[in-house]
Amino acid sequence: MQDLFRYFSKTKTSKSHTQEFYREREREREREREMETIEHKTVTANGINIHIAEKGQGPLVLFLHGFPELWYSWRHQILYMAAHGYRAVAPDLRGYGDTTGAPVHDSTKFTTLHVVGDIIALLDAIAPDEKQVFVVAHDWGAILAWFLCLYRPDRVKAYVCLSVHFMPRDPMMSTTGAMRKYFGDDHYVCRFQAPGDIEAEFAQIGVREVVKKLLTYRHPGAIYFPKGKGLGSFPDTSDTLPSWLSEEDVDYYTSKFEMNGFTGGINYYRAFDLNWELTAPWTGAQVKVPTKFIVGDLDLVYNIPGVKDYIQGGGFKKDVPLLDEVVVMEGVAHFLNQEKPDEINQYILEYIKKF
């Protein structure tokens with residue numbers, strides 16, 4: 001009855017509204033029943049305990065999440081791929097969610113070499129007979145998947161990349177050096193560098209508010225965290241969640257980040273320059289894995305100066321010669337796998353069915 005009261009407090013009471021409310025509630029209950037069919041287990045691999053969510057039988061599709069996300073970001077894709085003859089597996093990456101054992105207070109243990117090591121060890125443990133798997137990744141997961149394809153292309157059958165294009169190594173300037181040069185000290189990547197600094201500000205704002213603001217960010221420009229100003233610079237200030245993100249979804253993310261804090265995820269940013277140092281041998285290397293790239297036209301990464309020209313002007317194809325297709329979704333922002341799950345599901349399936 002409380003849900004019904006809240007619903008009618010926001011809408012005009014009528015028979016049609018009542019019917020729509022109950023239809024929506026039935027859809028929510030069906031979704032909850034489907035979510036309960038996802039299996040959860042912990043796999044010890046590469047010295048840590050990796051939590052995975054999985055469903056289905058068939059060729060393995062590995063889903064890699066970004067920041068501030070979890071396996072949960074792939075909930076729609078797990079159910080869909082399992083229903084279409086695939087085994088969908090989504091881990092919590094090291095430092096996130098229910099994955100434990102990583103030294104969270106040592107960001108040097110969060111390089112791409114460490115995390116790709118986790119991924120390879122996980123695949124060896126859960127799919128020892130599959131030499132190659134499909135990979136679908138978003139945000140930081142996408143960055144890690146590009147390095148997975150560089151380090152171990154023999155293990156990837158095909159890659160569906162969401163949001164973050166391949167970024168060739170600049171031998172003249174480190175990653176954070178470039179961010180500081182082009183965006184200034186208040187850019188979020190720069191603000192994330194000092195241990196404990198941004199965590200203290202996030203604590204003052206509140207975990208739920210941080211999660212909600214980041215997941216619903218739709219401005220095509222860069223994210224800035226001016227010191228001492230919290231999230232005040234964010235252009236979107238509405239308290240109303242978008243249709244694709246429920247209060248229950250925010251609750252789940254919030255519960256995990258309240259339990260573990262944000263340091264594990266932020267460590268990936270703090271390892272940016274160490275990655276840059278360690279990957280010198282791959283300067284100029286191409287990614288030779290079949291790839292499909294999908295991005296929203298409102299994505300903050302897609303709107304970084306020079307990125308559109310790189311993607312559309314031939315640079316991307318030169319660095320990733322087996323790039324099959326680039327899809328730019330209109331009116332879609334960064335968290336596209338959650339914002340437009342039906343379309344993303346179809347894009348993934350139609351591509352991997354080719355192999």
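Report on the accompanying structure. The structure displayed is predicted, hence computed values, not measured ones.

What follows deals with the sheet that holds strand β5 (residues 133–138). Strand order across the open sheet formed by eight strands is β1-β2-β4-β3-β5-β6-β7-β8, with mixed pairing between neighbours. Only two strands of the sheet have a single neighbouring strand rather than two, namely β1 (39–45) and β8 (323–329). When the angles between neighbouring strand axes are averaged without regard to direction, this sheet yields 20°. Bridge analysis of β1 against strand β2 (residues 48–55) gives seven bridges, and the strand direction is antiparallel. In the sheet register, Val-43 faces β2, and the bridge partner there is Ile-50.

So, on to the layout of surface pockets. Gaps left between atoms are located by rolling a probe of water-molecule size over the structure's atoms. Reported here for the second largest pocket is a volume of approximately 1100 Å³. Lining the second largest pocket are 40 residues; nearest its centre among them are His-165, Met-167, Pro-168, Thr-175 and Met-179. Within the residue set of the lining of the second largest pocket, elements represented by two or more residues are α5 (140–151), α6 (175–183), α7 (188–191), α12 (272–278) and α13 (307–312). Split by residue class, the lining of the second largest pocket holds 28 nonpolar, nine polar and three charged.

One pass over the structure, following the stated rule, counts 18 salt bridges. Two residues, Arg-208 and Glu-247, come together in a salt bridge whose shortest N-O distance is 2.3 Å. Taken together, the residues Arg-208 in helix α9 (residues 207–215) and Glu-247 in helix α10 (residues 247–260) connect sequence positions 39 residues apart. Taking the relative accessible area as the measure of exposure, Glu-247 reaches 39% and is therefore partly exposed. For Lys-292, the salt bridge goes to Glu-350, with nearest N and O atoms at 2.8 Å. Placement of Lys-292 in strand β7 (residues 291–296) and of Glu-350 in helix α16 (residues 341–352) is noted, with a sequence separation of 58 residues between them. We classify Lys-292 as buried; its relative accessible area is 1%. Here the salt bridges share partners, and the residues they tie into one network are Arg-191, Asp-197, Glu-201 and Lys-227.

Counting across every chain of the model gives two cavities of 30 Å³ or more. Reported here for the largest cavity is a volume of approximately 150 Å³. Around the largest cavity, the lining comprises 14 residues; the ones closest to its centre are Phe-67, Tyr-188, Leu-214, Ile-223 and Phe-335. Class assignment for the residues of the lining of the largest cavity results in twelve nonpolar, one polar and one charged. Each pocket or cavity is described by its volume, and for the second largest cavity that value is around 50 Å³. The wall of the second largest cavity is formed by Ile-48, Ile-50, Pro-91, Asp-92, Leu-93, Arg-94, Thr-99, Val-115, Asp-118, Ile-119 and Leu-122. Elements with a contribution of two residues or more to the lining of the second largest cavity: β2 and α4 (112–126). Among the elements that make up the lining of the second largest cavity, the one with the highest residue count is α4 (four residues). A class-by-class count of the residues in the lining of the second largest cavity yields seven nonpolar, one polar and three charged.

Moving on, we come to the pairing of strand β3 (residues 60–64). β3 sits mainly inside the fold: five of its five residues count as buried. Burial of the side chains of β3 extends over both faces: Leu-60, Leu-62 and Leu-64 are buried on one face and Val-61 and Phe-63 on the other. This β-α-β element, β3 to helix α3 (residues 75–83) to strand β4 (residues 87–91), shows right-handed connectivity. Sheet topology note: the β3/β5 ladder contains four bridges and is parallel. Bridging across to β5, Val-61 finds its partner in Phe-134.

Here we take up α4. Over its 15 residues, α4 runs 21 Å from end to end, which matches the ideal 21 Å to within 8%, given 1.5 Å per residue. When α4 is considered as a whole, its buried residues turn out to be Thr-112, Val-115, Val-116, Asp-118, Ile-119, Ile-120, Leu-122, Leu-123 and Ile-126.

Aromatic ring pairs are defined here through the distance separating the ring centres and the angle between the ring planes. Here the structure, examined in full by the defined rule, presents 33 aromatic pairs. Geometrically, the ring pair formed by Tyr-96 and Phe-257 is edge-to-face, given 6.3 Å between the ring centres and 80° between the ring planes. On the criterion of sequence distance, the pair formed by Tyr-96 in the loop between β4 and α4 and Phe-257 in helix α10 is long-range, its members being 161 residues apart. For Tyr-96, a relative accessible area of 2% gives the class buried.

Turning our eyes to something else, we now look at the side chain of Gln-338. As for its placement among the helices and strands, Gln-338 is situated in helix α15 (residues 336–339). Within the structure, Gln-338 has its side chain in polar contact with the side chain of Tyr-253 (distance 2.9 Å). In this view, Gln-338 contacts Glu-69, Ser-73, Arg-75, His-76, Leu-215, Trp-244, Leu-245 and Tyr-253; residues no more than four positions away in its chain are not counted.

With that settled, the discussion passes to the packing of α9 against α10. A pair of packed helices is characterised by two quantities: the angle between their axes and the separation of those axes. Two elements in contact, α9 and α10, have axes separated by 9 Å at closest approach and are oriented at 125°. By the angle between their directions, the pair α9 and α10 is classed as oblique. The handedness of the crossing between α9 and α10 is right-handed. Within the contact between the two elements, α9 uses Val-207, Arg-208, Val-211 and Leu-215 and α10 uses Glu-247, Val-250, Asp-251, Tyr-253, Thr-254, Phe-257 and Glu-258.

Definitions and cut-offs
- Residues numbered from 1 in each chain as written.
- Predicted model: local features only at pLDDT ≥ 70, side-chain atom pairs only at ≥ 80, totals over all residues.
- Heavy atoms only, no water.
- Pairing = 2+ DSSP bridges.
- Helix = DSSP H or I, 4+ residues; strand = E, 2+ residues; numbered from the N terminus.
- Axes fitted to C-alpha atoms, helices over the stretch in contact; angles between N-to-C directions.
- 1 Å grid on protein atoms, 1.4 Å probe; cavity = no way out; pocket = protein on both sides within 12 Å on 5 of 7 lines; lining within 4 Å.
- Points joined across faces, edges and corners; volume = space filled by probe spheres on them.
- Nonpolar A, V, L, I, M, F, W, Y, C, P; charged D, E, K, R; others polar.
- Salt bridge = Lys/Arg side-chain N within 4 Å of Asp/Glu carboxyl O.
- Buried < 20%, exposed > 50% of the residue type's maximum accessible area, 1.4 Å probe, protein only.
- Right-handed = clockwise from strand over helix to strand, strands pointing away.
- Expected span 1.5 Å × (residues − 1).
- Phe/Tyr/Trp six-rings, centres within 6.5 Å; stacked < 30°, edge-to-face > 60°.
- Polar contact = N/O pair within 3.5 Å; in protein donor to acceptor, adjacent residues only side chain to side chain.
- Contact = heavy atoms within 4.5 Å.
- Parallel < 35°, antiparallel > 145°, perpendicular 65-115°, else oblique.
- Left-handed = near helix turned anticlockwise from the far one by under 90°.

Keep in mind these values describe shape, not function.
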